[in-house]
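Residue strings, one per chain:
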Amino acid sequence: MKGKGKICRIDDWDKPEAVKCKSWSHQERLCDLKEKVSFHKKGDIYYISQFTRSKTGTSFSEIKQSEELASFFAERACEFLHRFIVGGCEGWCIVTTPRRRHYEGFHFSTSICTKIAGAVKIPFYENAIQCLTKDRLNPEFFLLRPIKEKKIIVYDDILTTGSTLLATYELLRDREQLLFLIGINNN
């Protein structure tokens, strides 16, 4: 049976020393932290990613818990914004996609947005968008605070399916300009 992998006995599944089927094992997603700025399209939306998933490097879970790496991501984002925002950042603001797991304590995207806002001198609307459902594939987002700026940078730390991106776009589509900046493209 070539290409079928190992056969897993059902009575061995709960044993820690048992060898699990490779196709069912959870592989940690990694990023080598080598900047690869890329332009992407998802449906009718264009977005820019700073980094991409890799075969080696730091795990996403480690990245999302590190204040030091939040500073690193923010510095890279600021360099990008200073080079590519035409006419400077006047009239822009930044928001992050909603917290859906980490409601208390350190939040990677919030830390990055706070640093970006301070460095490029734009308002950061923390927790401006909320997700009221736990559905990860079809989230429903709501605007909790009025955002006066017509140009918005939307920051999301990791893009996997693009559902967060699409839901955020639907919520903010009436704006003059939307710039979607993604930390790690996991597609």
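Residues numbered from 1 in each chain as written. Predicted model: local features only at pLDDT ≥ 70, side-chain atom pairs only at ≥ 80, totals over all residues. Heavy atoms only, no water.

Under an unreviewed UniProt entry, the name given to the protein is Phosphoribosyltransferase, and the source organism is Bacteroides zhangwenhongii.

Caption draft 1: Here's a closer look at the nonpolar core. Core analysis: the biggest nonpolar cluster contains 32 residues, and I63, F73, I94 and I116 have the highest contact counts within it. Those elements that place two or more of their residues in this core are β3 (45–52), α1 (60–63), α2 (67–84), β5 (92–96), α3 (108–120), β8 (151–159) and β9 (177–185). The biggest single contributor to this core is α2, with 8 residues. Counting residues in hydrophobic clusters, the runner-up holds 18 residues, among them C93, Y125, C131 and L172. (Core = buried A, V, L, I, M, F, W, Y, C linked by side-chain atoms within 4.5 Å. Buried < 20%, exposed > 50% of the residue type's maximum accessible area, 1.4 Å probe, protein only. Helix = DSSP H or I, 4+ residues; strand = E, 2+ residues; numbered from the N terminus.)

Caption draft 2: Spatial organisation of the packing of aromatic side chains. The full count for this structure, using the stated rule, is 6 aromatic pairs. Each ring, one from F39 and one from Y46, has its centre 5.3 Å from the other, and the planes form 5°; the classification is stacked. Taking the relative accessible area as the measure of exposure, F39 reaches 60% and is therefore exposed. Residue classification places Y46 among the partly exposed positions, given a relative accessible area of 45%. Both rings, one in F73 and one in F108, keep their centres 5.4 Å apart while their planes meet at 75°; by these two values the pair is edge-to-face. Here F73, found in helix α2, pairs with F108, found in helix α3; they are 35 residues apart in sequence, far enough to count as distant. F108 gets classed as buried once you look at its relative accessible area, which sits at 2%. Here the aromatic cluster, defined as three or more aromatic residues joined through ring pairs, consists of F51, F72, F73 and F108. (Phe/Tyr/Trp six-rings, centres within 6.5 Å; stacked < 30°, edge-to-face > 60°.)

Caption draft 3: Structural detail: the pattern of salt bridges. Under the definition given, this model contains 6 salt bridges. Between K64 and D157 there is a salt bridge, with the nearest N and O atoms lying 2.9 Å from each other. Of this pair, K64 sits in the loop between α1 and α2 while D157 sits in strand β8, and the two are 93 residues apart along the sequence. K64 gets classed as partly exposed once you look at its relative accessible area, which sits at 27%. A relative accessible area of 7% means that D157 is categorised as buried. Taking the shortest distance from any N to any O, the salt bridge between E170 and R173 comes out at 2.8 Å. (Salt bridge = Lys/Arg side-chain N within 4 Å of Asp/Glu carboxyl O.)

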